[in-house]
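Structural characterization, general
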Amino acid sequence: MKNLYQLLTLTGFSLFTLTAQAQTERVGQITGNITGVQKPVESASITLLKAKDSSVVKLAISDKGGNFSLEKLSFGKYLLAIQAVGFQKKLTESFELTQSHPVHKILPVVLEPGANKLQGVTVSSKKPFIEQKAGKIIVNVEASPTSGGMSALEMLEKAPGVAVDKDGNISLKGKQGVMIMIDGKPTYLSSADLSNMLKNMPGSALDQIEVMTNPPAKYDAAGNSGIINIKTKKNIIKGMNGSFNTGYTQGLYGRTNSSLNLNYRNNKLNVFGGYNFNYNQGFNNLTISRRFLEADKKTINSTADQVSRPHSIGYNHSFKAGADYYFSKKDVAGIVVNGFFNNRTEDPESNSYVRNANGGIIYQLRSHAMNAGHIQNGSVNMNYKHTFDSTGKEITADLDYVMYNRANNTSLSTQAYDGTGNKTGNVIVLNGVMPAAIDIYTAKTDYVHPLGKTAKLEAGVKSSYVTNNNRVDYTRNSGSGWKPDGRSNHFIYNETINAAYVSLNKSWKKISMDAGLRLENTISKGHQLSNDSSFKRNYTNLFPNIGLSFEANKNNQFSLSYTRRVDRPSYDDLNPFTYFLDSLTYGQGNPYLQPQFTHNIEVSHTFHRALVTTLNYSRTTDVITQLLKQDTQKKVTYQTQDNVSEMQQIGLTIMYNAPLKKWWNTNLYLNIYNNHYQGIYQADPIDIQFTTFSANMNNTFSLPKGWTIELSGFYRGKGAEGLLVAKEMYAVNSGVSKQVLKKKGTVKLGIRDIFFTQKFSGYARYSDVDVQVASDRDSRQVNLSFNYRFGKTNIAPARRRTGGAGDEQNRVKVGN
């Protein structure tokens, strides 16, 4: 607990400083209005620059009326750089904020159509690590000194409200069922495969992480707790430019990562590409203790305790290549190709002791496995955009093809011993070959139609088709030769989802509204060839969303939102195959899983545009729950998924994000929530309820001569993750970075989980199940990285395609 005390002390110190900090040095304010061709320009980017060196001080976005405000500014000389998509960038004349003139209202700014370069200004941007924007939280990856050498999964753990459990399952605000998108496209992966991919994706390849708890209707309805969009680096600046990153991380084992990003952009053509390589080793100390109960589900029949230590090695290559061509000022088309190749091996050794009710050893099993996996993932996106006029009227279209090929091989050998340690019987070897192929085709189009100056209508349609072909072939050798095993199987799954949506955005003087409705029809068919069984499903659902915001005054804003969401089972969770950890523990899919549906309500208050307080409530029916089942006679435990419960959550979130000093920026995120699961399992009631406290803290200190220091950490208290109760876990991180080579290079040195406290432990107790689990990984690591940026540095707007294959990709599992 002393390490937790250190973390809470740091958090308390930051809160104390927040309340005690005098604001006399930051009383300046700048206001203004941005217009285009006789219409306000919404979402224009306003960058406040120091007049002496053009370095960035603060950023703002214009609202629907074109208005903006920059507050809490130090006195000094400034100028503004203003830019918006479809308009020429514009610089204002310099001006000064003083004690006698603390408020400056600039003359109305009129942007001219076109896309020319800023002349004579190079912007050296210093974005905060965490930004709060309308409807989302943004994590700027490069702003963190500890990001060097970290994987994408480790970067996700630093995002406010995001947690990753021992199996790589990602939750948001204490709720699982997050839809993970990469560059606006769903990953189609199961939790295990998504975790494997993000572990092998270097953090240096990321630009931003967007967290949305109540996304609008234009997004797929999948993701009951919201959407996390991981943006990779792409076409940020005009001309020829790029970046190179390399890093080394040392824990118990070492790992390396390197990446190269290139971009060329002129008036009509934008060509971009990137390559990433990652090598990693890791371990997982896994301990499982089980009690097997008699028929009364109270008396202990026997117990089993197991220790497993998998050691893994992985090589990962990924690339991105694409181009955009501007046929005219109104028409642009593009193509993006992505590839991901992963080879990994894992060699877990397990010792299992089965004991009687008094603790005496009945028998022992020693298992050794060798698992090898090869994954190939490729995707192609073709897109087109036509802009009708300068009011924002436009239509876009996307075609996507995604393929996943997976080839897993496993070999599990087990030797049994009696209670005195003598061998009994022959070594039993089980070999398995598990190929899988998934093909995803999607098409979508979106239309935006402004309705005057203060309203906007959006509509769109999308169709997706998925084919999933899985096979497993097991052979068994018990000492008398190889024979086919009865658990071999072949499963084919096809799914079509057709969707349409419409949304309306309207603003008044102090009130704005965003309302939408999405219709989704799902047609699916599964066929298990081993026993010639099949199922068909056809269901249609409506997913409404509405958001209201009220700006009482410049210091107080209120918002209310409601959404209905869905989580469909991942493709592998529907797969009825059996996967082995050892002879006593295995996993199995469930082809009869149904989707789960969630109602989300949030009420928020923003104070001084820095302190955000949110109250949320959600109710999920037919919760897809990770379930443990036990066979007392065989002493076997297996994990599956089932719809066994209803979950209700009520929570309170407090987030503060603002500079405390010119050199000190802090982000504090506190979340208190209650998860309540109720259901029936084997005619026994399930009632699990916990109130959990979690916190994220990130402090960034900007020092002279390009030095930056970070102190960050997280704490998550005891809470319910489905039917598993997870005990408290926490970590403290620190890092330092230095700009070198005329600010074109950055060296970062960081240490993660300083006190080695990021260790998982928990238990599951319901019906006849009584299991305790503990796991620790290679989480304490020191990393050193170097990043170099070359080429032109004038800022130009980037065009980032979202594609249409998001939800489908998010349901693919690429590893086990």
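Residues numbered from 1 in each chain as written. Predicted model: local features only at pLDDT ≥ 70, side-chain atom pairs only at ≥ 80, totals over all residues. Heavy atoms only, no water.

Counting its regular elements, the protein contains 4 helices and 49 strands. By residue count, 54% of the 816 residues in the protein fall in the buried class. Relative to all contacts within the protein whose residues are 6 or more apart in sequence, the contacts with residues 24 or more apart total 68%. For the protein, the exposed area adds up to about 34200 Å²; of that, 58% sits on carbon and sulfur atoms. (Helix = DSSP H or I, 4+ residues; strand = E, 2+ residues; numbered from the N terminus. Buried < 20%, exposed > 50% of the residue type's maximum accessible area, 1.4 Å probe, protein only. Contact = heavy atoms within 4.5 Å. Areas by Shrake-Rupley, 256 points an atom, 1.4 Å probe, with all protein chains shown as cover.)

Of all 5 residues making up strand β11 (residues 136–140), 4 are buried, and the element is well covered by its neighbours. Across 4 bridges, β11 lies against strand β17 (residues 206–212) in antiparallel orientation. Bridge pairing in β17 links Asn140 to Gln208. (Pairing = 2+ DSSP bridges.)

If you check the backbone angles, Lys297 has positive phi at about 60° while not being a glycine. With respect to the helices and strands, the residue Lys297 is situated in the loop between β21 (269–293) and β22 (300–308). The backbone of Asp622 shows a phi angle near 55°, a positive value even though the residue is not glycine. By secondary structure assignment, the location of Asp622 is in strand β38 (residues 611–631).

Note on placement: Arg518 falls in strand β32 (residues 511–528). Looking at Arg518, the relative accessible area reads 3%, which means it is buried. In terms of polar contacts, Arg518 uses its side chain to reach the backbone carbonyl oxygen of Lys218, at 3.5 Å. If near-sequence neighbours (up to four positions away) are discounted, Arg518 is found in contact with Ala217, Lys218, Tyr219, Asp220, Ala221, Lys462, Ala499, Ala500, Tyr501, Asn541, Leu542 and Phe543. (Polar contact = N/O pair within 3.5 Å; in protein donor to acceptor, adjacent residues only side chain to side chain.)

Taken as a whole, this structure holds 16 salt bridges when the rule is applied. For the salt bridge of Lys444 with Asp446, the shortest nitrogen-to-oxygen distance reads 3.7 Å. Both residues of the pair, Lys444 and Asp446, belong to the buried class. In this structure, the salt-bridge partner of Glu721 is Arg716, at a minimum N-O distance of 3.5 Å. Pair check on accessibility: Glu721 and Arg716 agree, each one buried. Connected through salt bridges with shared partners, the residues Asp220, Lys462, Arg518, Glu520 and Arg568 form a single ionic network. (Salt bridge = Lys/Arg side-chain N within 4 Å of Asp/Glu carboxyl O.)

Moving on to the side chain of Asp331. Summarising the element assignment, Asp331 is placed in strand β24 (residues 331–346). Lys330 is the oppositely charged side chain nearest to the buried, salt-bridge-free Asp331, at an N-O distance of 7.6 Å. A polar atom in the side chain of Asp331 sits 2.8 Å from the side chain of His386. When sequence neighbours within four positions are dropped, the list of residues in contact with Asp331 reads Tyr325, Tyr326, Tyr384, Lys385 and His386. (Lys, Arg positive; Asp, Glu negative; His and termini not counted.)

Taken residue by residue, the protein gives an average pLDDT of 84. The fraction at 70 or more is 87%. Long-range and interchain partners of residues 1–25, a stretch whose pLDDT sits below 50, account for 39 contacts in this model, where long-range means more than four residues apart. (pLDDT = per-residue confidence, 0-100.)

Before going further, it helps to spend a moment on the environment of Val740. With respect to the secondary-structure elements, Val740 resides in strand β45 (residues 729–740). Owing to a relative accessible area of 23%, Val740 belongs among the partly exposed residues under this scheme. Spatially, the C-alpha atoms of Val740 and Gly706 are 7.7 Å apart, while their sequence positions differ by 34 residues. Excluding residues within four positions of it along the chain, Val740 makes contact with Gly745, Thr746, Val747 and Phe786.

In this section: the nonpolar core. Judged by nonpolar contacts, the single largest core of 29 residues is most densely connected at Ile170, Leu198, Ile209 and Ile228. In terms of residues, this core owes the most to one element, helix α2 (residues 152–156), which gives 4 residues. Among residues more than four places away in sequence, those in contact with Ile228 are Leu156, Val162, Ile170, Val178, Met179, Ile180, Met181, Ile209 and Glu210. One finds Tyr677, Ala720, Tyr766 and Val771 within the second-largest nonpolar core, a separate group that totals 24 residues. (Core = buried A, V, L, I, M, F, W, Y, C linked by side-chain atoms within 4.5 Å.)

Attention now goes to the environment of Asp768. Here Asp768 shows up in the loop between β47 (759–766) and β48 (769–777). The residues contacting Asp768, other than those within four sequence positions of it, are Arg291, Leu293, Lys297, Gln630, Tyr681 and Gln682.

Let us now look at the pairing of β32. For a regular strand, side chains alternate in direction, first toward one face of the sheet and then toward the other. Sheet topology places strand β31 (residues 489–507) next to β32; 17 bridges connect them, and they run antiparallel. In the strand pairing of β32, Tyr493 is matched with Gly526. The antiparallel hairpin formed by β31 and β32 contains 3 residues in its connecting segment. Direction of pairing for β32 relative to strand β33 (residues 533–553): antiparallel, over a ladder of 18 bridges. When the bridges of β33 are listed, Ile511 appears paired with Phe550. Taking the residues that link successive antiparallel strands as the turn, the β32-β33 hairpin has 4 residues, and the phi of Asp532 there is positive, at about 55°.

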